[in-house]
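Analysis of the macromolecular model
Listed below, chain by chain, are the residues.
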Amino acid sequence: MSNIKLNFEKIFQQAEKKRMASKFNEAIDLYLKAKELSEPFTSSQLSCLMALGDCYRMVGRYVDAGFSYTSAGSIAHLLGDKSSAVDTMVGLGLTLRAMGRHRDALKAFAKSEKIYKMLQDKAGLAFCLWAKGGAYRIKGDLKKAIETFKEALKLFTQLKDKSGIGYCYCGLGGASRILGKIDDSYKYYSKANETFRKLKDTFGIAYSYCGLANATRMKGDFKGSLKYFKKAKAHYKKIGDKVSFAYTLWGEGTAFKMMNKLEDAKKDFLDAQKLFKETIDERGLSYCELSLGELEFL
């Protein structure tokens, strides 16, 4: 094996470890080094681009994520790798979903779902259904979201995929909260938090703490919600996830607003707004405009 190949493997594995530890920015630097060492239009380059797409998406760099997934998709088609080609389509769908483009995301997921069924890829199908459930939630079709998350949960349970199960619980927690089923929401997020703490999944822990915070806030326990928001923020800071951190700030600001701590609320909303502008998140920006408007009224 050549030195270049050995170096590629070494750097790629280091990047994988960083990604598994939710250290996405550090992983990005290593994947970029590995990509430089990979031969053009090979499975090695494809693996780097797919991983880069995932990491860029996790830290809110959606333009870079989209470019990485599209490039990976081109190589997958060139290599005749149908499985990787559909994986890139789901990654692109998740990027579109994160940017608030739920219609485009749902189209990508519908295509992917058909291909996963054709390939008899249960793991791919479960992930695609989870992604689709999130797009329905953003669209506002909450019953369809819950139905789809439950389908994904069933498949992940059959596959004994604990991480997938945890993320389905988070999806169900979010959709239940918006439907006004606050007790269900708290129950799902608690299950997710327990799962992620056992797995030591930093992103999952942060995500579930943020969900618990919002469910607690909706129950009217504003002080209690602030404790969960604090835990969520600490974990998101470790990751460098600007988008999730921004939504956490918005949720915390809403709790402050309900407690009549209007200056604290305004600071959180403005900080969140700044991050949403950086990541071009139109949904988040809309939430901040509404919240700042409410503050002005108060």
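A short tour of the structure in this document, coming up. (Residues numbered from 1 in each chain as written. Predicted model: local features only at pLDDT ≥ 70, side-chain atom pairs only at ≥ 80, totals over all residues. Heavy atoms only, no water.)

Bringing the layout of surface pockets into the picture now. Counted as a void, the second largest pocket has a volume near 200 Å³. Breaking the lining of the second largest pocket down by element, the ones donating at least two residues are helix H4 (62–79), helix H12 (222–239), helix H13 (242–258) and helix H14 (262–278). Residue classes in the lining of the second largest pocket are distributed as 7 nonpolar, 4 polar and 5 charged. (1 Å grid on protein atoms, 1.4 Å probe; cavity = no way out; pocket = protein on both sides within 12 Å on 5 of 7 lines; lining within 4 Å. Points joined across faces, edges and corners; volume = space filled by probe spheres on them. Helix = DSSP H or I, 4+ residues; strand = E, 2+ residues; numbered from the N terminus. Nonpolar A, V, L, I, M, F, W, Y, C, P; charged D, E, K, R; others polar.)

It is worth spelling out a positive patch on the surface at this point. Taken together, Lys 143, Lys 150, Lys 181, Lys 187 and Lys 191 make up a surface patch of like positive charges. Secondary structure elements with two or more residues in the positive patch: helix H8 (142–159) and helix H10 (182–199). Checked against the element boundaries, Lys 143 lands in helix H8. (Patch = residues over 30% accessible without salt bridge, like charges linked within 9 Å, V, L, I, M, F, W, Y side chains within 5 Å. Areas by Shrake-Rupley, 256 points an atom, 1.4 Å probe, with all protein chains shown as cover. Salt bridge = Lys/Arg side-chain N within 4 Å of Asp/Glu carboxyl O. Lys, Arg positive; Asp, Glu negative; His and termini not counted. Charge placed at Lys NZ, Arg CZ, Asp CG, Glu CD.)

Now for the environment of Arg 283. Here Arg 283 is to be found in helix H15 (residues 282–297). Under the relative-accessibility criterion, Arg 283 is labelled partly exposed at 27%. The sequence separation of Arg 283 and Arg 101 amounts to 182 residues, and the corresponding C-alpha distance is 9.5 Å. Excluding its chain neighbours within four sequence positions, the residues that come into contact with Arg 283 are Arg 137, Ile 138 and Tyr 247. (Buried < 20%, exposed > 50% of the residue type's maximum accessible area, 1.4 Å probe, protein only. Contact = heavy atoms within 4.5 Å.)

This part is about the side chain of Lys 257. Along the chain, the position of Lys 257 falls in helix H13. For Lys 257, a relative accessible area of 14% corresponds to the buried category. Residues in contact with Lys 257, not counting those within four places in the same chain, are Leu 262, Ala 265, Glu 294, Leu 295 and Leu 298.

We now examine the packing of aromatic side chains. For any pair of aromatic rings, the description rests on two quantities: the centre-to-centre distance and the angle between the ring planes. Counted according to the given criterion, the structure contains 14 aromatic pairs. Taken together, a centroid distance of 6.0 Å and an interplanar angle of 65° make the contact between Trp 130 and Tyr 167 edge-to-face. In this pair, Trp 130 is assigned in helix H7 (residues 122–139) and Tyr 167 in helix H9 (residues 162–178), connecting sequence segments 37 residues apart. Tyr 167 gets classed as buried once you look at its relative accessible area, which sits at 14%. (Phe/Tyr/Trp six-rings, centres within 6.5 Å; stacked < 30°, edge-to-face > 60°.)

To continue, consider the pattern of salt bridges. What the rule picks out here adds up to 15 salt bridges. Across the pair Lys 144 and Glu 147 runs a salt bridge whose closest N-O atoms are separated by 3.5 Å. Of this pair, Lys 144 and Glu 147 both sit in helix H8, 3 residues apart, which is roughly one turn of that helix. Residue Lys 144 is classed as partly exposed on the basis of its relative accessible area of 32%. For the salt bridge of Lys 257 with Glu 294, the shortest nitrogen-to-oxygen distance reads 2.5 Å.

Nonpolar side chains collect at one region of the surface, where Phe 41, Leu 78 and Leu 79 lie side by side and expose about 340 Å² of accessible area between them. Structurally, Leu 79 is set in helix H4.

Time to look at the state of the cysteines. This structure, assessed with the given rule, holds 0 disulfides. Between Cys 55, a free cysteine, and Cys 48, which holds the nearest cysteine sulfur, the sulfur-to-sulfur gap is 11 Å. When its relative accessible area of 0% is taken as the criterion, Cys 55 is described as buried. Not part of a disulfide, Cys 170 finds its nearest cysteine sulfur in Cys 168, a span of 9.5 Å. (Disulfide = S-S within 2.5 Å.)

On to the nonpolar core. In terms of nonpolar packing, the biggest core is built from 92 residues, with Tyr 31, Phe 109, Trp 130 and Tyr 236 touching the most fellow members. Residue contacts for Phe 109: discarding those within four places in its chain leaves Val 90, Gly 93, Leu 94, Arg 97, Cys 128, Ala 131, Lys 132 and Ala 135. (Core = buried A, V, L, I, M, F, W, Y, C linked by side-chain atoms within 4.5 Å.)

On to the side chain of Ser 44. With respect to the helices and strands, the residue Ser 44 is situated in helix H3 (residues 43–58). According to the relative accessible area criterion, Ser 44 is buried, its value standing at 14%. Those residues within four positions of Ser 44 in sequence are excluded, and the remaining contacts are Lys 5, Phe 8 and Ser 38.

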